[in-house]
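# Topology and contacts: notes
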Amino acid sequence: MENTQENPTSQNPTPAEEAARQAAEATAVQPDANPAEGAPGAAAPAGVEAALAEAQAKIAELQESFLRAKAETENVRRRAQEDVSKAHKFAIESFAEHLLPVVDSLEAAVAHSSDDLQKVREGVELTLRQLNGALEKGRVVAINPPAGEKFDPHRHQAISMVPAEQEPNTIVSVLQKGFVIADRVLRPALVTVAQAK
């Protein structure tokens, strides 16, 4: 006769409780049972042990794969940080290389002692051309709008409005050139703008 006092609150066990009870009874092994003697149920524990060993091997393999992937990800992240750091540190290297000939020309001009103003002017003009070439190679382009061009507040800065014989809000004269680098304004052009009549 079954002991009904073990679980007095549930006289009718749920299917889950019944399945758990049956599983517990099925896995209960006598301590002195020897699977090698051919006892009933001996094949099931051996199969379970094989499945357990296979699962543990798979877990070990997955853990190793995970650790390798984690290490590789960490290496990629570190290399990317180093690349970004180098890019920030040496961002103007190419631009600076283009400016070095300009520096050489200016130093040669300072070292040269000449009283011929025409030669000095020619040297300054050549150096200015070198500088403009270096700026263009560095994608730095001048903003020098012609008279009559429509005023653009993103590229021009109005210093004053003057009466003029042209349409209102158009440029009359450029006081100082502006510069852009790759479509980003470094410095707007300083301009005077035509006043409305």
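Computed from a prediction, not measured in an experiment: that's the story for all the values here. (Residues numbered from 1 in each chain as written. Predicted model: local features only at pLDDT ≥ 70, side-chain atom pairs only at ≥ 80, totals over all residues. Heavy atoms only, no water.)

What follows deals with the packing of helix H3 (residues 93-111) against helix H4 (residues 117-137). Relative orientation of the contacting elements H3 and H4 amounts to 175 degrees, with a least axis distance of 8 Å. Between H3 and H4, the angle falls in the class roughly antiparallel. Packed against H3, whose contacting residues are Phe95, His98, Leu99, Pro101, Val102, Ser105 and Leu106, the element H4 presents Thr127, Gln130, Leu131, Ala134, Leu135 and Lys137 at the interface. By residue class, the composition of the contact of H3 with H4 is eight nonpolar, four polar and one charged. (Axes fitted to C-alpha atoms, helices over the stretch in contact; angles between N-to-C directions. Helix = DSSP H or I, 4+ residues; strand = E, 2+ residues; numbered from the N terminus. Parallel < 35°, antiparallel > 145°, perpendicular 65-115°, else oblique. Contact = heavy atoms within 4.5 Å. Nonpolar A, V, L, I, M, F, W, Y, C, P; charged D, E, K, R; others polar.)

Moving on, we get to unusual backbone geometry. Located in the positive-phi region is Ala182, a residue other than glycine, with phi close to 50 degrees. You can see Ala182 is positioned in the loop between strand E4 (178-181) and strand E5 (184-187). Using a relative accessible area of 43% as the deciding quantity, one classes Ala182 as partly exposed. (Buried < 20%, exposed > 50% of the residue type's maximum accessible area, 1.4 Å probe, protein only.)

The strands making up a sheet are joined through hydrogen bonds of the backbone, oriented either antiparallel or parallel. Pairing in this open sheet of three strands is mixed, and the strands run E2-E6-E3 from one edge to the other. Among the strands making up the open sheet, the edge pair consists of strand E2 (156-162) and strand E3 (171-176). For this sheet, the mean inter-axis angle between neighbouring strands, taken without regard to orientation, is 30 degrees. Both E3 and strand E6 (residues 189-194) contribute to a ladder of four bridges, which runs antiparallel. Within E6, the residue paired with Ile171 across the bridge is Val193. (Pairing = 2+ DSSP bridges.)

This brings us to H4. For H4, with 21 residues, the first-to-last C-alpha span of 30 Å sits near the 30 Å given by 1.5 Å per residue. Against the buried residues of H4 lie H3, strand E1 (140-143) and E4. Sitting at the head of H4, Asp116 places a side-chain oxygen 3.2 Å from the backbone nitrogen of Gln118. Taken from the residues just after H4, Arg139 is the one with a positive phi, measuring 60 degrees. (Expected span 1.5 Å × (residues − 1). Polar contact = N/O pair within 3.5 Å; in protein donor to acceptor, adjacent residues only side chain to side chain.)

When the terminal C-alpha atoms of H3 are compared, their 27 Å separation across 19 residues agrees well with the 27 Å that a helix rising 1.5 Å per residue should span. Along H3, the sharpest kink reaches roughly 30 degrees, centred on Leu99 and followed within four residues by the proline Pro101. (Bend = angle between axes of the 7 residues up to and from the residue.)

Tallying each qualifying case throughout the model produces five salt bridges. Between Glu74 and Arg77 there is a salt bridge, and its shortest N-O distance comes to 2.2 Å. Residue Glu74 and its partner Arg77 are located together in helix H2 (residues 43-89), separated by three residues, close to a single helical turn. Here Glu74 falls in the partly exposed class, since its relative accessible area comes to 40%. Judged by its relative accessible area of 40%, Arg77 falls in the partly exposed class. Where Arg121 meets Glu125, a salt bridge forms, and the shortest distance between an N and an O atom there is 3.3 Å. With a gap of four residues between them, Arg121 and Glu125 both fall in helix H4, about one helical turn apart. Residue classification places Arg121 among the exposed positions, given a relative accessible area of 53%. (Salt bridge = Lys/Arg side-chain N within 4 Å of Asp/Glu carboxyl O.)

What you see with E4 is a clean split: Gly178 and Val180 sit on the buried side and Phe179 and Ile181 on the side with no burial. Across four bridges, the pairing between E1 and E4 is antiparallel. Across the sheet, Val140 pairs through a bridge with Ile181, a residue of E4. Pairing of E4 with E5, which is carried by three bridges, proceeds in the antiparallel orientation. Looking across to E5, one finds that Val180 is bridged to Val185. Connecting E4 to the antiparallel partner E5 that follows it, the hairpin turn spans two residues, and Ala182 within it adopts a positive phi of roughly 50 degrees.

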